[in-house]
Amino acid sequence: MTATPSPADNGNAISVRGLTKRFGSKTVVDHVDLDVRRGEIVGFLGPNGSGKTTTIRLICGLLSPDAGEGVCLGYDIRTQSALIKAETGYMTQRFSFYEDLTIRENLDFVARLYDLRPRRETVDATLDRLGLADRQHQLAGQLSGGWKQRLALAACVMHHPKLLLLDEPTAGVDPKARREFWDEIHDLAAGGLTVLVSTHYMDEAERCHRIVYIAYGTIVARGTVDEVVASSGLKTWVIRGDGSARLMAELRRLPGVEQVAPFGTDIHVVGSDAAALETAVATIARQHGLKAAPGETSLEDVFIRLMTEAQARER
Ligand SMILES: Nc1ncnc2c1ncn2[C@@H]1O[C@H](COP(=O)(O)OP(=O)(O)OP(=O)(O)O)[C@@H](O)[C@H]1O
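It should be emphasised that the depicted structure is a prediction, and the values quoted were computed from it without experimental measurement.

Procedures and definitions
Residues numbered from 1 in each chain as written. Predicted model: local features only at pLDDT ≥ 70, side-chain atom pairs only at ≥ 80, totals over all residues. Near = placed C-beta within 6 Å. Nonpolar A, V, L, I, M, F, W, Y, C, P; charged D, E, K, R; others polar. Helix = DSSP H or I, 4+ residues; strand = E, 2+ residues; numbered from the N terminus. Contact = placed C-beta atoms within 7 Å. Domains from an automatic or database assignment. Axes fitted to C-alpha atoms, helices over the stretch in contact; angles between N-to-C directions. Parallel < 35°, antiparallel > 145°, perpendicular 65-115°, else oblique. Left-handed = near helix turned anticlockwise from the far one by under 90°. Buried ≥ 20, exposed ≤ 12 C-beta atoms within 10 Å, placed from the backbone. Core = buried A, V, L, I, M, F, W, Y, C linked by C-beta atoms within 7 Å. Pairing = 2+ DSSP bridges. UniProt positions renumbered as here; feature names shortened; annotations may be inferred.

1. Some thoughts on the site of the ligand
Taken together, the residues surrounding the ligand are Phe-23, Val-28, Gly-46, Asn-48, Gly-49, Ser-50, Gly-51, Lys-52, Thr-53 and Thr-54. For the shell around the ligand, the class distribution of residues is two nonpolar, seven polar and one charged.

What follows is the structure, given as structure tokens:
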């Protein structure tokens with residue numbers, strides 16, 4: 001397929017403005033602006049039902065927006081969805097295979113579907129590229145979660161897309177397989193592929209070049225992980241040595257304390273009023289003869305705060 005890409009993308013693989021989608025009376029994507037540079041890995045985070053999947057589908061033209069506009073890979077998301085799909089790999093939350101076919105047979109099926117030629121060489125190259133060659137004759141149904149996911153990724157990149165849209169690709173996959181999957185994603189991005197990936201995992205967010213946080217269909221934070229943590233204005237103290245429920249309950253009652261969470265035998269105490277937080281922590285530490293020290297605010301602390309704020313706005 002050929003078409004002249006629009007010059008309006010300014011080097012971005014994705015550039016959308018005011019993207020809005022309603023289902024019935026509910027607005028699930030609400031004036032979303034999003035830019036993703038070519039070769040960038042952007043993490044898309046947010047609570048369940050916040051609009052991540054819907055936004056991804058709008059970007060690749062699987063759904064049409066009720067309002068808003070944009071370009072993806074230089075093509076208009078409203079009118080050129082076939083061209084976008086041809087150059088995009090989309091891994092959905094529940095990828096499926098023929099369980100009674102081997103890895104090779106599954107990939108061969110996908111290659112036929114997309115009329116990829118030369119088919120045999122394309123499948124061979126994909127098996128090699130994703131480290132699947134040694135297992136090519138294993139039945140898909142007998143693979144572990146990590147290998148199934150690798151097969152799904154292979155099926156998505158076999159046609160050499162320019163953009164990968166990954167919707168919670170590592171749900172239910174063990175940490176080692178997740179790490180290998182992310183190494184693969186970074187290799188692909190280093191080769192020029194652009195990746196937009198939705199996830200609920202903090203460690204995965206930290207492996208993205210940039211993150212975008214969406215709540216109730218609205219983007220409420222974006223930037224590098226450090227930028228998002230810094231812009232939250234949250235401070236964290238760590239009280240060492242007593243993670244008891246009683247101590248946590250006492251802390252929660254004090255002004256300046258917004259979040260209290262146990263980490264082993266430590267307690268992490270988080271708040272946005274630095275002075276009030278320090279007073280609260282010092283009071284409790286003194287009363288109980290415990291040590292307290294300033295700690296690092298985690299991305300998880302920031303996301304919990306963003307979620308709480310978004311819930312309060314919705315009420
Ligand atoms: N086809 C549809 N018809 C009606 N409502 C829908 C449809 N698709 C999604 N929704 C609703 O839109 C909202 C956003 O859903 P979406 O799947 O985009 O969220 P998400 O952020 O991807 O969630 P999760 O993290 O759980 O995958 C949800 O309330 C969902 O129930």
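Further notes follow.
2. Thoughts on the environment of Ile-219
Tracing the chain through its elements places Ile-219 in strand β10 (residues 218-223). Measuring from C-alpha to C-alpha, the distance between Ile-219 and Gly-51 comes to 9.8 Å, with 168 residues separating the pair along the chain. Leaving out residues up to four positions away in the same chain, Ile-219 has contacts with Val-32, Val-212, Tyr-213 and Ile-214.

3. Things to note about the domain arrangement of the chain
Annotation of the chain at the domain level lists domain 1 (12-228) and domain 2 (235-296). If you average the C-alpha positions of domain 1 and of domain 2, the two centres end up 40 Å apart.

4. Describing the packing of helix α3 (residues 103-113) against helix α5 (residues 145-157)
It is at 10 Å that the axes of α3 and α5 come closest, and there the two elements cross at 25°. Taken together, the axes of α3 and α5 are roughly parallel relative to one another. Viewed along their axes, α3 and α5 form a crossing whose handedness is right-handed. Only Leu-151, Ala-154 and Ala-155 of α5 make contact with α3, whose side of the interface consists of Ile-103, Asn-106, Leu-107 and Val-110. Considered class by class, the residues forming the contact of α3 with α5 number six nonpolar, one polar and no charged.

5. Notes on unusual backbone geometry
The omega angle of the peptide bond from Arg-117 to Pro-118 is -5°, so this bond is cis rather than trans. With respect to the helices, strands and loops of the structure, Pro-118 is situated in the loop between α3 and α4 (119-129). Positive phi, normally seen in glycine, also occurs at His-31, with a value near 55°. Considering the arrangement of structural elements, one finds His-31 in strand β2 (residues 26-37). Judged by the 14 C-beta atoms lying within 10 Å of it, His-31 is partly exposed. Positive phi, normally seen in glycine, also occurs at Leu-73, with a value near 55°.

6. Focus on the nonpolar core
One finds Cys-72, Leu-196, Tyr-213, Val-269 and Val-281 to be the most contacted residues of the largest nonpolar core, which totals 79 residues. The element that contributes the greatest number of residues to this core is α5, accounting for six residues. A domain-level breakdown of this core finds at least three residues from each of domain 1 (12-228) and domain 2 (235-296). Ignoring anything within four residues of it in the chain, the contact list for Val-281 reads Trp-237, Ile-239, Val-269 and Ala-292.

7. Considering the sheet that holds strand β9 (residues 210-215)
Here six strands make up an open sheet; going across it, the order is β6-β7-β8-β3-β9-β10 and the pairing mixed. Since the sheet does not close on itself, it has two edges, and those belong to β6 (88-91) and β10, each with one partner. The average angle at which neighbouring strand axes cross in this sheet is 15°, direction not considered. As paired elements, strand β7 (residues 163-167) and strand β8 (residues 194-198) share five bridges and run parallel to each other.

8. Overview of the sheet that holds β2
Ordered by their spatial adjacency, four strands build an open sheet running β2-β1-β4-β5, and the pairing between neighbours is antiparallel. Single-partner strands in this sheet number two, and they are β2 and β5 (75-76). As defined by bridge partners, strand β4 (residues 67-72) adjoins β5 across two bridges and the pair is classed as antiparallel. Among the inter-strand pairings, Val-71 is bridged to a residue of β5, identified as Asp-76. Strands β1 (12-23), β2 and β4 of the sheet are contacted by helix α1 (residues 52-59), whose axis makes an angle of about 120° with β1.

9. So, the UniProt feature "domain: ABC transporter" (unreviewed entry) in the chain
With numbering matched to this structure, UniProt assigns "domain: ABC transporter" (unreviewed entry) to residues 14-241. Spanning residues 14-241, this segment combines 34% helix with 29% strand, and its end C-alpha atoms are found 48 Å apart.

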